[in-house]
Every structure is written in C-alpha cells, then in structure tokens.
2 protein chains.
Amino acid sequence: LNEFELIEKYFAPLAGPEGLGLKDDAAHYSPPPGFDLIITKDAMVEGVHFPNGEYGAMIAERLLRVNLSDLAAKGASPRGYLLSIAWPKNLPVKEIEAFARGLKSIQAKFKISLWGGDTVATTGPLVISATLIGVCPENMSCKRFGAKPDDDIWMTGQVGKGFVGLSSLTNSKGPQRPRDYYYRPVPRLELQSVLRGWASAAIDVSDGFVADLNHIAKASHLAMTVEVTDHFWPSEVKADSLSLPETVPSLLTHGDDYEIIFTAHKDHRTLILEAAEKFLFPVSRIGQCHLGKGVTVKYKGEELTFDRTGYSHFNS
Amino acid sequence: LNEFELIEKYFAPLAGPEGLGLKDDAAHYSPPPGFDLIITKDAMVEGVHFPNGEYGAMIAERLLRVNLSDLAAKGASPRGYLLSIAWPKNLPVKEIEAFARGLKSIQAKFKISLWGGDTVATTGPLVISATLIGVCPENMSCKRFGAKPDDDIWMTGQVGKGFVGLSSLTNSKGPQRPRDYYYRPVPRLELQSVLRGWASAAIDVSDGFVADLNHIAKASHLAMTVEVTDHFWPSEVKADSLSLPETVPSLLTHGDDYEIIFTAHKDHRTLILEAAEKFLFPVSRIGQCHLGKGVTVKYKGEELTFDRTGYSHFNS
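Residues numbered from 1 in each chain as written. Chains lettered and ligands numbered in written order. Predicted model: local features only at pLDDT ≥ 70, side-chain atom pairs only at ≥ 80, totals over all residues. Heavy atoms only, no water.

*Asks:* Before we go on, may I ask you to explain the overall build of chain A in this structure?
*Replies:* When its secondary structure is counted, chain A shows nine helices and 12 strands. In terms of overall dimensions, chain A is globule-like: its C-alpha atoms have a radius of gyration of 20 Å, near the 20 Å expected for 316 residues. Dimensions of chain A, computed from the C-alpha atoms along their principal axes, are close to 60 × 50 × 40 Å. Put simply, chain A has 316 residues, and 59% of those count as buried. (Helix = DSSP H or I, 4+ residues; strand = E, 2+ residues; numbered from the N terminus. Rg over C-alpha atoms; globule rule 2.2 N^0.38 Å. Buried < 20%, exposed > 50% of the residue type's maximum accessible area, 1.4 Å probe, protein only.)

The structure is reproduced here in structure tokens:
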C-alpha cells in the first residue's frame, strides 16, 4: 500500500465532514457563533511515552485520550482532531489497521471525528501527534491562571493512577484495570458544567500532581496548601508499600493521572458537590489557595519535600 | 535545560495571546464572526523531508512555509500555529535556539504567532509537525472539488522548483536561489482574492504537478488537459538537460514546488490577469477541464506518460 492507499483505506473512513474525506489540503470548520475555540496538541514517542514495539489500538486510544483530557480541563466540548503519524519503515499493515481501529473506538465514544493530518515514514521510533479542537461558550473556559486567595482546591478521582499504571505494564498477566490507567485514561469531560460555571482555574494532572499544582500556583500568582491522605491512592496501592519512603513521592509526582485539579470560591461548595452527584464524578476538596508563593503538601501532619515535582523530557 | 526551561526560554517569547504564554494546556481563540476556520497539519522527518543532521532555522522555515502554502491554496489568511517537536536526544541547545529563530522570522514575515504544542525527546531522527490555523470568509474558501467542465486551468510561477531545489543541495557552493526553492518555498498568499472570488477549485503543488492535477480532476469528477512548454521551467534548468529523457518527467512529478494550480470559469480571465498585475504574482493559463476522467499532459505536441505521478511515502 502506498501513502494514498493507506489513507484511503484506513483513515478516510474516519473523517468528519470538516475533513472533506481527507482529500483536501486543509480542514474546513464553521465554528458556532458565540463560542471560543480551544486547541491542544500533544506528541508521543515510542519508547518514551509508551513501550517500544507497541503500535496498535491502545496507542491510538492513549494519544487521543490524553489530548481530550487537556480539553476537558479547560471546560471545552471536543469536536475533531488532526493527526500526524511518522510510521517506522516496514511496519506491518495490520499494526496500522489496529491503530485506525483504536481511533475509531475513541471517535465513537467521545463524538469526535478526524479532520486531517499527515502520514509519513521514519527510520526511527513511531512518533504520533494529535491536534484536538474543542469549543466553549465565549469567556467560560478555564485557564491555569485565575485562582484567588481563599479559593478551595478540588481534585477529581485519585492521585497516582499513572504511576500504578506504568508499574503494572511489567506484569502482562496482571489485572486489566491498572493497565487501563496507563492506556485508557478517562478524560473528565463530565466536569464541564462545573468548570464553566464555578471554577476559577483548572489543569489536568499530566506532569504530576505536585507539578500541576505548581503550574496553577505560578500562573495565578499565589500559594497553595494541600493535605494528602491515604484515601487519595488508587485501590491497587497496597497499604504496606506506603511505608516505603519512595512510594508517596512517586504517586504524587509521576503524572499521567489525567484527573483534574481545579479551584473555586468557597461559596460554590454545595453546587460542586451537587454537580458531582448529578454527573457522577468523584471529587474531593483537598486544600486552599492563599497569598504567597509555592505549593505545600502535607501528609499525616508533616510537610513533604520532593526531589522532583514531575516529569520533564529534557535534563541537560 | 529541562523541558520547561527550554519552552520558557526559546518558545514562550514566540507565543501570541491565543497561546497564553505557552503556560496552559490549550490555546484559546475567538474566531471572527462570519469566518470559517481552515486548518492544516503537516509533519516532516529528518532524512526524509530534509537532509540528515539539518536542525536549524531553515528547517523551521520550511515546515511553516509548507503548511502556509496549504492555507494559501484554500484562500485562507493564516493566524497561528501549534508545533510538536521530537528532538533527538543530546541535540545541542544552539540548534534549538536556531530553530526558534527560524520560527520567529516566519512569524514576522507572515504575521502569525505560536499558540501551543509540545516538545519531546526521541532516540530517532528529528520529527516536527505543525498545525496551521487560518480564517476565510464563510463559504469563500477553495477546495479540490468544484472545478467544472470548460473551466480554465491556471498555474502560478514555475514547475519543477522542488526538483531543482533538491538537486542543488548536493552542491553547497552553488547559488542561493535554488537552495531557497527547497528551504524557503513562498506560500502564494497574494492569490487570496483570486481564490476567494473566482477560482472553482485549487491545490498547492506539493505531491507533484501531475499528481496534484490528478487530485483536482478526481475530486471534481472531470478530466483535465494541460499543455506544457519550456517556458514552464525555472531558469536553472539548462536547455541541454531537457533533451535527457528523465528531465521533464522529473520536473513534472517531483513535487515540493508550492505553486498553486487553480481552475476558474472562462469569464474570469481578464479579472484574474488584472489581479496578477495588481498583486504581483506570475500566472499562466495552462489548460482546460472537460467531461471525462484523468489528466492529459502534452509537451511539444505529444502526450506524456509517467511511471509515477508524484511522491508517496509508502510503497509496500
């Protein structure tokens, strides 16, 4: 199959009307009046963001889910995406077919479609990048800045799913759920009304719980104090492993959790809890914003310190 | 420098207001009412789309110029872009700095800004991809489909600049102009009013002159006949090389010319020539659309046949 046949067979069937059947130079989209566009782009590299030799549906799912999480954190409704894929030369066509199948299942689940992109060959590892496009009513999206002193800090779900998920990959006979933490993170799109209505700032936990708190604190020019308890961890974290000195820091800094941290005025507490009941998302109030700088994390009454606050791709 | 410092130092200064200082999860853009969004995404791989070991400003220029050409072909005004870069590990920081300098010069020249993206590390060759976003008044953009039987076929500039450009790279002491064909193709944004007003279909010549004619013919469900003359070639093509059997086919199929082929009703001939004078672009009427299928290319009275109509990344 040449490049055109590949696109025709596996990717054109995924195209929405904006993508013109992937038969044009560019996508055409008429945004609804009164909406802002929210656009995010994330890349993944084989051997860095997923294991070497992994090419199939799971990788496609992970790429789109991670990008959808960025849109979810801003309060946006996803609409479509463009995709670039640099395939390793001589990759069997069945891997490409499986990748397309992964895209298709995400499209159906999250009601998005393929608008365009590019497929090329590389002598190196697989490199994929997706640009996700969503919409949000004018001026209702959340940013990292915007948190105010005395705002509450909230968090959905658990901390450390990314770490638990990655650790589980070494045991291919293990249970599916921690593997899903890694390959199938769930973008918290059900948080939309809370983020649009009551949140002052928000971020998804990708770099690491502590790093992402820091991102909000820095962007909003304030300090944050959170209190961490053993209720925070996914159920896969065994009680006895928590006594090891590296466990809690790893859970708090590994990242790839794809939960959402957001801040909101105290007055909104009841509304947020009611929304959580209505839209069925787990949410906890974990701390407070205040004047100052930096993030303080307390665990069992003591302040934790960290060698690293999250993941970084370069250290030179 | 770690990932965050790298972004802060070299890329954040390139961000437009839509990019929120590259300090957020997503870009925010409020499109002007009454405009469509035109979005394109192209990737490039070291050793495939540009020579091995080339990392600097020229690569950044080429990436953006090629994507801008896609927007130009649709009649769109470019606004901003998102960028993914997978850097080879241990790439010297000065190469990254030069890359950012290339972005900056294109931003100034074409009045676009950086809205977001991602930088990651790879064990393989450099892989870069850009998503360009432009706007066009509602329903005025050009597609590949839309050409009608009896429409004229027009072309800007010359055919074969991509081929001449690539050939020139082997001679580093040669003149600059053919090297610019390769590294600094000029997106034909000055064609905007013609494409919005009078063109029935358009495409930029990236896959190859013949392949791109075929794209329009196929999408528009008609046949095209063009007459090629020796006035088509860039001045670097020597007269004696034209007698070699491979020269003309190479010029017509290599691609990477980034000129624009468009179709328009006969009634618009004078308007198009007047626009060419006003906006200073070279344009030639090269053929005719008609009922049927396929593309016929005549040269010196004879019909040419081609082994390949353009470039494809896969052949397996």
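*Asks:* Is there a simple way to think about the environment of Ala12(A) in this case?
*Replies:* Residues and elements named next belong to chain A. Tracing the backbone through its elements, the reader meets Ala12 in the loop between α1 (3–11) and β1 (27–29). The class for Ala12 is buried, based on a relative accessible area of 14%. Considering only alpha carbons, one finds Ala12 and Leu114, 102 residues apart in sequence, at a separation of 8.3 Å.

*Asks:* Help me understand the packing of helix α2 (residues 57–74) of chain B against helix α3 (residues 93–110) of chain B in this model?
*Replies:* Helix-helix packing: each pair is described by the crossing angle between the helix axes and the interaxial distance. Residues and elements named next belong to chain B. At their nearest, the axes of α2 and α3 sit 6 Å apart, and the two run at 40 degrees to each other. α3 is crossed by α2, and the crossing has right-handed handedness. Counting all contacts with α2, which are made through Ala57, Ile59, Ala60, Glu61, Leu64, Arg65 and Leu68, the residues of α3 involved are Ala98, Phe99, Gly102, Leu103, Ser105, Ile106, Lys109 and Phe110. A breakdown of the residues in the contact of α2 with α3 according to their chemical character gives 10 nonpolar, two polar and three charged. (Axes fitted to C-alpha atoms, helices over the stretch in contact; angles between N-to-C directions. Left-handed = near helix turned anticlockwise from the far one by under 90°. Contact = heavy atoms within 4.5 Å. Nonpolar A, V, L, I, M, F, W, Y, C, P; charged D, E, K, R; others polar.)

*Asks:* For this particular structure, what's the right way to read the packing of aromatic side chains?
*Replies:* Two numbers describe a pair of aromatic rings. These are the distance of the centres and the angle of the planes. All names here are of chain A. Applying the stated rule across the entire model yields 14 aromatic pairs over all chains. A centroid spacing of 4.7 Å and a plane angle of 35 degrees characterise the contact between Tyr29 and Trp115, whose relative ring orientation is tilted. With Tyr29 in strand β1 and Trp115 in strand β4 (residues 113–122), this pair connects stretches of sequence that are 86 residues apart. You'll find Tyr29 and Trp115 in the same group, each marked buried. Members of the aromatic cluster, joined through ring pairs, are Phe209, Phe232, Trp233 and Tyr299. If you follow Arg62 out to its NZ or CZ, it ends over the ring of Tyr182, 4.1 Å from the centre. (Phe/Tyr/Trp six-rings, centres within 6.5 Å; stacked < 30°, edge-to-face > 60°. Lys NZ or Arg CZ within 6 Å of the ring centre and 35° of its normal.)

*Asks:* Got a minute to help me understand the sheet that holds strand β4 (residues 113–122) of chain B in this structure?
*Replies:* Strand pairing in a sheet relies on backbone hydrogen bonds, with the paired strands running either antiparallel or parallel. In spatial order, the strands read β1(A)-β2(B)-β5(B)-β3(B)-β4(B); together these five strands make up an open sheet with mixed pairing. Both edges of this open sheet fall to β1 of chain A together with β4 of chain B, since each of them pairs with a single strand only. Each strand of the sheet is rotated relative to its neighbour by a mean of 15 degrees, with strand direction disregarded. Strands in contact with helix α1 (residues 3–11) of chain B are β3 (77–88) and β4 of chain B; relative to β4(B), the strand with the most contacts, it is inclined by about 145 degrees. (Pairing = 2+ DSSP bridges.)

*Asks:* Sorry, what's going on with the interface of chain B and chain A here?
*Replies:* Buried accessible area, meaning the area lost when the parts come together, often serves as the stated size of an interface. In this complex, chain B contributes 66 residues to the contact, which on the side of chain A involves 66 residues. Carbon and sulfur atoms supply 58% of the area buried between chain B and chain A, which totals about 5200 Å² over both sides. There are six salt bridges connecting chain B and chain A. The residue Asp24(B) makes a salt bridge to Lys74(A) at a minimum N-O spacing of 2.5 Å. Here chain B is connected to chain A by 28 residue pairs in polar contact (both at pLDDT 80 or more). Among the elements that make up the side of chain B that touches chain A, the one with the highest residue count is strand β2 (residues 35–45) of chain B (10 residues). Of the residues assigned to the side of chain B that touches chain A, the class counts are 33 nonpolar, 19 polar and 14 charged. Looking at chain direction, β1(A) and β2(B) are connected through three bridges and run antiparallel. Among the inter-strand pairings, His28(A) is bridged to a residue of β2(B), identified as Ile38(B). (Buried area = accessible area lost by both parts, 1.4 Å probe. Salt bridge = Lys/Arg side-chain N within 4 Å of Asp/Glu carboxyl O. Polar contact = N/O pair within 3.5 Å; in protein donor to acceptor, adjacent residues only side chain to side chain.)

*Asks:* Any chance you could explain the relation of the copies chain B and chain A here in plain terms?
*Replies:* Both copies of the chain are related by a screw-like operation: a rotation about an axis and a shift along it. Mapping chain B onto chain A is achieved by rotating through 180 degrees and translating by 0.0 Å along the same axis, at an RMSD of 0.0 Å. As the rotation angle and translation indicate, the two copies are arranged about a two-fold axis. Taking the C-alpha atom as reference, chain B places Gly124(B) closest to the rotation axis, 2.1 Å from it. Looking at chain B, 100% of its interface residues are interface residues in chain A too, so the copies touch through the same face. (Least-squares fit on C-alpha atoms with pLDDT ≥ 70 in both.)

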